[in-house]
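# Coordinate inspection notes
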Protein chains: 2
Amino acid sequence: MSTLNNSTNVFWQECQVGKVDRQKLLNQKGCVVWITGLSGSGKSTLACALSRELHSRGKLSYVLDGDNLRHGLNKDLGFKAEDRAENIRRVGEVAKLFADAGLICIASLISPYRKDRDACRAMLSDPNFIEVFMNMPLELCESRDAKGLYKLARAGKIKGFTGIDDPYEPPENCEIEIEQENGVCPMPAAMAGHVVSYLEEKGFLRVQ
Amino acid sequence: MSTLNNSTNVFWQECQVGKVDRQKLLNQKGCVVWITGLSGSGKSTLACALSRELHSRGKLSYVLDGDNLRHGLNKDLGFKAEDRAENIRRVGEVAKLFADAGLICIASLISPYRKDRDACRAMLSDPNFIEVFMNMPLELCESRDAKGLYKLARAGKIKGFTGIDDPYEPPENCEIEIEQENGVCPMPAAMAGHVVSYLEEKGFLRVQ
């Protein structure tokens, strides 16, 4: 029996079907691809392209989109510092469950603070957490402004907006960095290909 | 753009790979099997046996165990009424994600209040939420007392324990009810077989 902060009398239940069995069934290895970057940097675009490319190879993935989860699991959370941290913690915990289920879980969140991302990395055994940094210049993200949020932030109508009046802390040791080449953004398929190559090389797309 | 209670400026991101595609890949339909009942009624036993039986048929399932999640996603929650409700809400939200991912998600929680279970049912489209009621007499559950919790509850060392000093509200319209037959509990494989037959009959174990 374990005693946790708020949870006593809670037992750990082991099941006979485990991660290894599910991985064999799927012929892939469960992991988390964590895509971080500014609003407008192309996180969702990459997430979608990646899930398409994996699906075309017969691999099962699932996208956890930070915005979408705020409509469900995280709808009780706002944008205060502690809510943002809790938002990311929960996504990390759910991503961990999906990886344990054998899926390639693609988490797509701004996740601006290193500390929060590193806490998610620490939840998983290290090689199963693949951090992808969308390293796009703020000017580019702001010029896209597909959701009109930068405009609102510049007008002071959104406070604490990442990149404008709240910092983005770039990863120091991410597994994959996506950046412009000769001033041009890579196409979605190329970004996805980059990540798929990494997954293939590291053995996530098959079971030995 | 949507405005939610605490979340503004949150967009819904659609991906081109959807539930239907994932279901085709897995040749099964995503759903939630929600197992409810007293502590010691055999919820975890059924969850394990069911996941084994599904796995032996090449079907992908994943068990969300109420106790296990209290070590991770729900470790900030205790056993106050509002914490219990939030615990169940989050498990429901995560189960919904797993069903959307195409898995047969097996949620195993006491979930004593009808209101909380019905809220989870409402999150999913109805036929995809399969409520399984472990209808075992309190005396039997208490006599098993594998975790020693009933003893603690009777001694007043645990307050608000379901069945002792907190109510269990039985489902009124559950899809499956597991009960004793001639005073004998069904074996785990028989209980799992019951659920698998239901899933098969309703078409969850294949894609048309």
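All figures in this text were calculated on a predicted structure; none of them were measured in a lab.

## What about the overall build of chain A?
- Helix and strand counts for chain A come out as eight helices and five strands.
- Reading the secondary structure of chain A in the N-to-C direction produces α-β-α-β-α-α-β-α-β-α-α-β-α.
- In terms of overall dimensions, chain A is globule-like: its C-alpha atoms have a radius of gyration of 18 Å, near the 17 Å expected for 208 residues.
- Split into buried and exposed, the 208 residues of chain A put 54% on the buried side.
- Taking the intrachain contacts of chain A between residues at least 6 apart in sequence as the baseline, contacts between residues at least 24 apart amount to 74%.
- By element, 50% of the accessible surface of chain A is carried by carbon and sulfur atoms, the whole surface being about 9000 Å².

## With respect to the pairing of strand S5 (residues 104-108) of chain B
All names here are of chain B.
- Counting buried positions over the five residues of S5 gives five, a clear majority of the element.
- Residue alternation in S5 divides its side chains into two sets, Ile104, Ile106 and Ser108 and Cys105 and Ala107, and both sets are buried.
- Alignment of strand S3 (residues 31-36) against S5, held across five bridges, turns out to be parallel. Its bridge partner being in S5, Cys31 is matched across the sheet by Ile104.
- Judged from the five bridges that link them, strand S4 (residues 61-65) and S5 form a sheet pairing that is parallel. Its bridge partner lying in S5, Ser61 is registered against Ile104.

## Observations concerning helix H2 (residues 43-56) of chain B
Residues and elements named next belong to chain B.
- Here H2 spans 20 Å end to end across 14 residues, near enough to the 20 Å set by a 1.5 Å rise per residue.
- Residues of H2 that are buried: Lys43, Ser44, Leu46, Ala47, Cys48, Ala49, Leu50, Ser51 and Leu54.
- Directly beyond the C-terminal end of H2, a positive phi value near 75° is found at Gly58.

## Regarding the packing of aromatic side chains
- The full count for this structure, using the stated rule, is nine aromatic pairs over all chains.
- Ring centres of Phe98 of chain A and Phe98 of chain B lie 3.9 Å apart, and the angle between their planes is 10°; on these two criteria the pair is classed as stacked. With Phe98 of chain A in helix H4 (residues 81-100) and Phe98 of chain B in helix H4 (residues 81-100), the pair connects residues from two separate chains. As far as the burial class goes, Phe98 of chain A and Phe98 of chain B line up, both buried.
- Centroid distance Phe133 of chain A to Tyr168 of chain A: 5.7 Å. Interplanar angle 15°. Geometry classified as stacked. Of this pair, Phe133 of chain A sits in strand S4 (residues 129-135) while Tyr168 of chain A sits in the loop between helix H7 (149-154) and strand S5 (176-179), placing them 35 residues apart in sequence.
- Owing to a relative accessible area of 7%, Phe133 of chain A belongs among the buried residues under this scheme.
- In this structure Tyr168 of chain A comes out as buried when scored by relative accessible area, which is 16%.

## Examining the confidence of the model for chain A
- On average, residues of chain A score 92 in pLDDT, and 93% of them reach the 70 mark or higher.
- Considering only residues more than four positions removed or in separate chains, one finds that residues 1-8 of chain A, a stretch of pLDDT under 50, has 23 contacts.

## Remarks on the pattern of salt bridges
- Enumeration according to the criterion identifies 32 salt bridges over all chains in this entry.
- Ionic pairing is found between Arg117 of chain A and Glu131 of chain A, a salt bridge with its closest N-O pair at 2.7 Å. Here Arg117 of chain A is found in helix H5 (residues 114-123), whereas its partner Glu131 of chain A is found in strand S4, with 14 residues between them in sequence. Both residues of the pair, Arg117 of chain A and Glu131 of chain A, count as buried.
- Residue Arg114 of chain B is joined to Glu172 of chain B by a salt bridge in which the shortest nitrogen-to-oxygen separation is 3.5 Å. Residue Arg114 of chain B is found in helix H5 (residues 114-123), and its partner Glu172 of chain B is found in the loop between helix H7 (149-154) and strand S7 (176-179); the two are separated by 58 residues along the sequence.
- Given the relative accessible area of 60%, Glu172 of chain B is considered exposed.
- Overlapping salt bridges, with partners in common, bring together Asp76, Glu86, Arg89, Arg90 and Glu93 of chain A together with Asp76, Glu86, Arg89, Arg90 and Glu93 of chain B in one network.

Conventions we followed
Residues numbered from 1 in each chain as written. Chains lettered and ligands numbered in written order. Predicted model: local features only at pLDDT ≥ 70, side-chain atom pairs only at ≥ 80, totals over all residues. Heavy atoms only, no water. Helix = DSSP H or I, 4+ residues; strand = E, 2+ residues; numbered from the N terminus. Rg over C-alpha atoms; globule rule 2.2 N^0.38 Å. Buried < 20%, exposed > 50% of the residue type's maximum accessible area, 1.4 Å probe, protein only. Contact = heavy atoms within 4.5 Å. Areas by Shrake-Rupley, 256 points an atom, 1.4 Å probe, with all protein chains shown as cover. Pairing = 2+ DSSP bridges. Expected span 1.5 Å × (residues − 1). Phe/Tyr/Trp six-rings, centres within 6.5 Å; stacked < 30°, edge-to-face > 60°. pLDDT = per-residue confidence, 0-100. Salt bridge = Lys/Arg side-chain N within 4 Å of Asp/Glu carboxyl O.

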